[in-house]
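Each chain, written out:
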Amino acid sequence: MMADYDRLRATIASLTEGETDSVALMATVACEIHHADTRFDWTGFYRVTAPELLKIGPYQGGHGCLVIPFSRGVCGVAARQAQVQIVDDVEAFPGHIACASSTRSELVLPVFGPGGEVIAVLDIDSDRPGAFDQADADALAAILDDVFRREGVH
């Protein structure tokens, strides 16, 4: 089953309307995205909790790494560069952090707050190589902007 991003965007908008707590929003978004597509093996947020530091946030799937510095892994690159990372083969990515041995490909999107700063990254892992493309990244970035760039989100 592939994600119906239009339906997913509408569902998430409805579920998160009026909510301003970023952790509550992350929990709802992670759950909805994770269950929208069979390619998504692990779906979750790493929150910026200190300068150059990500800590695990709400997620769906097996346990994740607890702490990721901006200097390491796909999540660190996405946070440091504030750019989407699409990795077709995690084994070929220099400095990849193997939180789960089943992960073959990864999509990581920076999450921007109302002021345009990176407040987190959304990490989606797949047990299939080459599972993600630019269409996935664009659709998910639009959902993240809808939810987290709203005025009052904290």
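Below is a summary of the structure that appears in this document. (Residues numbered from 1 in each chain as written. Predicted model: local features only at pLDDT ≥ 70, side-chain atom pairs only at ≥ 80, totals over all residues. Heavy atoms only, no water.)

Brief notes about the overall build of the chain
Thinking step 1. Tallying secondary structure elements over the chain gives four helices and six strands in all.
Thinking step 2. For the chain, the C-alpha radius of gyration of 14 Å lies close to 15 Å, the compact-globule estimate for 154 residues.
Thinking step 3. Each principal axis of the C-alpha atoms in the chain carries an extent, and together these give about 40 × 40 × 25 Å.
Thinking step 4. Look at the contacts in the chain between residues 6 or more apart in sequence, and 53% of them connect residues 24 or more apart.
Thinking step 5. Of the accessible surface of the chain, which amounts to about 7,200 Å², a share of 50% is contributed by carbon and sulfur atoms.
Thinking step 6. Each charge sign in the chain was given a centre, from 11 positive and 23 negative side chains, and these centres are 3 Å apart. (Helix = DSSP H or I, 4+ residues; strand = E, 2+ residues; numbered from the N terminus. Rg over C-alpha atoms; globule rule 2.2 N^0.38 Å. Contact = heavy atoms within 4.5 Å. Areas by Shrake-Rupley, 256 points an atom, 1.4 Å probe, with all protein chains shown as cover. Lys, Arg positive; Asp, Glu negative; His and termini not counted. Charge placed at Lys NZ, Arg CZ, Asp CG, Glu CD.)

Quick notes on unusual backbone geometry
Thinking step 1. Here Glu 52, not a glycine, exhibits a phi torsion of approximately 65 degrees, which is positive.
Thinking step 2. Examined against the element boundaries, Glu 52 turns out to sit in the loop between strand 1 (42-50) and strand 2 (53-60).
Thinking step 3. Even without being a glycine, Ala 82 presents a positive backbone phi close to 55 degrees.
Thinking step 4. By the element assignment, Ala 82 lies in the loop between helix 3 (73-81) and strand 4 (85-87).

Focus: the pairing of strand 6 (residues 118-126)
Thinking step 1. Burial analysis of strand 6 places nine of its nine residues in the buried class, which makes it a mostly covered element.
Thinking step 2. Both strand 1 and strand 6 contribute to a ladder of six bridges, which runs antiparallel. Bridged to Trp 42 within strand 6 is Asp 125.
Thinking step 3. Looking at chain direction, strand 5 (residues 105-112) and strand 6 are connected through eight bridges and run antiparallel. Bridge pairing in strand 6 links Val 111 to Ala 120.
Thinking step 4. Count of turn residues in the strand 5/strand 6 antiparallel hairpin: five residues, of which Gly 116 carries a positive phi of about 90 degrees. (Buried < 20%, exposed > 50% of the residue type's maximum accessible area, 1.4 Å probe, protein only. Pairing = 2+ DSSP bridges.)

Some details on the pattern of salt bridges
Thinking step 1. As enumerated under the stated definition, the model contains four salt bridges in all.
Thinking step 2. Here Asp 136 makes a salt bridge to Arg 39, at a shortest N to O gap of 2.9 Å. Placement of Asp 136 in helix 4 (residues 134-148) and of Arg 39 in the loop between helix 2 (22-34) and strand 1 is noted, with a sequence separation of 97 residues between them. Residues Asp 136 and Arg 39 agree in their burial class; the two are buried.
Thinking step 3. Residue Asp 145 is joined to Arg 149 by a salt bridge in which the shortest nitrogen-to-oxygen separation is 3.2 Å.
Thinking step 4. The class for Asp 145 is partly exposed, based on a relative accessible area of 32%.
Thinking step 5. One salt-bridge network, held together by shared partners, links Asp 37, Arg 39 and Asp 136. (Salt bridge = Lys/Arg side-chain N within 4 Å of Asp/Glu carboxyl O.)

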